[in-house]
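Each chain, written out:
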Amino acid sequence: AQAWAQIDVGLKSTTKTDFLSGTSDMFSKLARRIGARGILPRGVRRKSSGVELPSEVDAVIIGGGSLGSSCAYHLQQRGMRTILLEAHQLTAGTTWHTAGMLWRLRPSDADVELNTYARDMCIKLEEETGVNSWTENGGLFIACNKERLDEYKRLWTLGDYYGVESRMLSPQETKELYPILNVDDIYGAVHSPTDGTIDPAGVVNAYKRAAEKLGSRFVENCPVESIDTESYSVHGKPQRRVTAVHANGQQIKTKYVINCTGAWANAIADMVQVKIPLRAMKHAYIVTEAIEGVHPGLPNMRDHDLSIYFKTQGDSLALGGYEQNPEFWPNVDPEFHFGLFDLDWDTFNQNLEGHIQRCPLIETLGIKSTVCGPESFTPDHKALVGPDVDLRGFVHCCGFNSMGMMLGGGVGREVASWIVDGSPTLDIFSMDVARFHPSSSRDDRWVEDRTHESYAKTYSVVFPHDEPLAGRSFRTSALYDTLLGHGCVYQSRQGFERPGWFDPSLAANHAAECKEYDFYGAYEETVSGLDRAVPTAHEEHAYHQLIEGECTFGWGKNVTLVEEECVAARNGVVVFDQSYFGKFFLEGPEAMQAADWLCTAKMGDSRPIGGVAYT
């Protein structure tokens, strides 16, 4: 609190011109007084809780943020005996500094349902515990072009199906709703009045109270020291499973461990020799001085085309977004809690230019404070949720790409259902940790490249036929070069290159091949935070141009080529390279019955060993 007060006082006269020109050394000095290791003074280490822990529980939840508290509540609600272990204090990792905005207009129906449940849980928990965590100030999406407006209309239609109140606005109606915005360059907007903001400390405290009423335990200042596993056999194949957790010098026997540690999730996974595709990165927002006309009732605003957002904070604005050149945090400090980094203004200025374009008044304002903290990100901007593929009883609930607050309530319910019932209630395969192929998810370069691209494209329009430029040519079939020589335009599926269509004009010199990832030219020499040089930005990239032509909700520019191939398939003979498809091995005495149940074709014993069935 003292640190924030010093920043408030010290920056009263700081203007946009000051910090853009790099002369605002005052903030950097004040921010360094907080320290890169946290608000606690340097050298002060956390003390062990000293409490006696239970000798056995059904599930141990590691991490006391929004996800951990939700998992503890929902598992306890389902009848399991749970304990939550937090290395420092509740919310101390990434939860405490989250912006907390909740948007239910999402391109995924599962996300709509999960976010709706999270909103409803905030209201329900307030009634049960008396702890307020929900502010219903609404949400506003700004469209700067026709494609974006079309996307919002799709979100509006999907939201309507799920009962999310929303309406499309003209530029003038947008101005009436949010008077300080510049709307001269927008096509329209969509307004969802029943969305809003979750208070991070409030919702975690509410889940804690509700969970403890049901019998759960929350223990702070209790870092996990190790996790025990044992080997066993299934049909002669070696397997591993969780047996116990060690913390505070004590052992807790358990069958389930849920990893809800966000940016620190890799350290917990390392304890059991599990590797996950998650990277910690620095993510920031700033808070302006008071603005006339700003009040808590204004909706949270996103302008995806400028890659920015506004959120009211009293009579001030919190300004954030997603830049093209984020900084990785590879050496995650286990002692970093309630901590912030010095803000890199050169990086954040990309966002600030968009903020000023959408609200020119911001250029005249001083900056009250900055918040630059760690967040966890993944190669496809989706969370890592569900049972580990190789270690029975080890469950992931991390990597939420700065969306853990709005997904936390619903995902906690899904994790509980997954553990108790054997499957989630919703189709959340897009979050299933098993969706990644191990050869790609365990490769550092692939994970880093794809994670950068997913971060940089956070606010991009979600087109149905878009393709990544990062992590390409990682897994290929024996026919890869042969097909390239015929102008094959490949698509990426879990790191595997699969044929999309052919452009004969690009057959020479493999011209249709996706080139080495250049990070969209965002870095000059090295990737921020990583000891890696970046290739020179591509002046020409035929593959990128081809994919840009497919980024539409209508017919892509290459549809005539696809049409010719469809005609050839109908009237002639074609060969499909299906090497990229997954392979499932069914073992056990009822494997044949299982195959018959799964497949439309009969898979009976009459088929010879080595035979192939089309189904």
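Counting starts from 1 at the beginning of each chain's written sequence and moves along it residue by residue. Per-residue local features are limited, in this predicted model, to residues with pLDDT of at least 70; the limit for side-chain atom pairs, both in listing and counting, is 80 or more; totals at the level of whole chains, interfaces and linings are taken over all residues. Hydrogens and waters are ignored; side-chain quantities use all the structure's heavy atoms.

S.K.: Describe the packing of helix 5 (residues 109–129) against helix 11 (residues 404–421), listing the residues and the values that go with them.
M.R.: Axis angles are defined between N-to-C directions and span 0 to 180 degrees, where every axis is a line fitted to C-alpha atoms and, for a helix, only to the segment in contact. Note on conventions: DSSP H or I runs of at least 4 residues are helices, E runs of at least 2 residues are strands, and numbering of each starts at the N terminus. For the pair helix 5 and helix 11, interaxial distance at closest approach is 7 Å and the crossing angle is 100 degrees. Judged on the interaxial angle alone, helix 11 and helix 5 are roughly perpendicular. Contact residues: Asp 111, Leu 114, Asn 115, Tyr 117 and Ala 118 in helix 5; Met 406, Leu 407, Gly 409, Gly 410, Val 411, Arg 413 and Glu 414 in helix 11. Polar here means any residue other than Ala, Val, Leu, Ile, Met, Phe, Trp, Tyr, Cys and Pro, which are nonpolar, and Asp, Glu, Lys and Arg, which are charged; Gly is therefore polar. Taken together, the residues that form the contact of helix 5 with helix 11 break down as six nonpolar, three polar and three charged. Angles below 35 degrees are treated as roughly parallel, those above 145 as roughly antiparallel, those between 65 and 115 as roughly perpendicular, and all remaining angles as oblique. We call two residues in contact whenever any of their non-hydrogen atoms come within 4.5 Å of each other.

S.K.: Just give me the short version of the sheet that holds strand 19 (residues 384–387), but keep the residues and values in it.
M.R.: In short, DSSP must find at least two bridges between two strands for them to pair. In space, the six strands of this open sheet follow the order 9-2-1-13-21-19, with mixed pairing throughout. Both edges of this open sheet fall to strand 9 (217–219) and strand 19, since each of them pairs with a single strand only. On average, each strand axis in the sheet is inclined to that of its neighbour by 20 degrees, with strand direction left out of account. For strand 1 (residues 59–62) and strand 2 (residues 82–85), the ladder comprises four bridges, and the chain directions are parallel. Looking at strand 2, one finds that Ile 61 is bridged to Leu 84. Taken strand by strand, helix 4 (residues 66–77) contacts strand 1, strand 2, strand 9, strand 13 (256–259) and strand 21 (394–398), and its axis lies near 170 degrees from that of strand 2.

S.K.: Describe the side chain of Glu 497, listing the residues and the values that go with them.
M.R.: Tracing the backbone through its elements, the reader meets Glu 497 in strand 23 (residues 496–502). For every residue, the accessible area (1.4 Å probe, protein chains only) is compared with the maximum for its type, and the residue is labelled buried under 20%, exposed over 50%, or partly exposed between those bounds. Residue Glu 497 is classed as buried on the basis of its relative accessible area, which comes to 3%. Filtering out sequence-adjacent residues up to four positions away, Glu 497 remains in contact with Arg 472, Ser 473, Arg 475, Thr 476, Tyr 480, Tyr 490, Gln 491 and Ser 492.

S.K.: For the packing of aromatic side chains, give the residues involved together with the corresponding values.
M.R.: Any two rings among Phe, Tyr and Trp, with Trp reduced to its six-membered ring, count as a pair given centres within 6.5 Å; such a pair is stacked if its planes are under 30 degrees apart, edge-to-face if over 60, and tilted if neither. One pass over the structure, following the stated rule, counts 20 aromatic pairs. With a centroid separation of 5.4 Å and 40 degrees between ring planes, the pair formed by Phe 141 and Tyr 152 is classed as tilted. In this pair, Phe 141 sits in strand 5 (residues 139–143) while Tyr 152 sits in helix 6 (residues 146–161), placing the two residues eleven residues apart along the sequence. Side by side, Phe 141 and Tyr 152 carry an identical accessibility label, which is buried. Centre to centre, the rings of Trp 329 and Phe 341 are 5.1 Å apart; their planes meet at 75 degrees, and the pair counts as edge-to-face. You can see Trp 329 sitting in the loop between strand 17 (316–321) and helix 10 (345–358) and its partner Phe 341 sitting in the loop between strand 17 and helix 10, a full twelve residues away along the chain. We note that Trp 329, like Phe 341, is buried. Through successive ring pairs, a cluster of aromatic residues spans Trp 264, Trp 329, Phe 336 and Phe 341. A ring is considered to have a charge above it if a Lys NZ or an Arg CZ atom is located within 6 Å of its centre and within 35 degrees of its normal. Across from the ring centre of Tyr 232, 4.1 Å away, lies the NZ or CZ of Arg 241, which sits over that ring. Sitting over the ring of Tyr 117, Arg 413 keeps its end group 4.4 Å from the ring centre.

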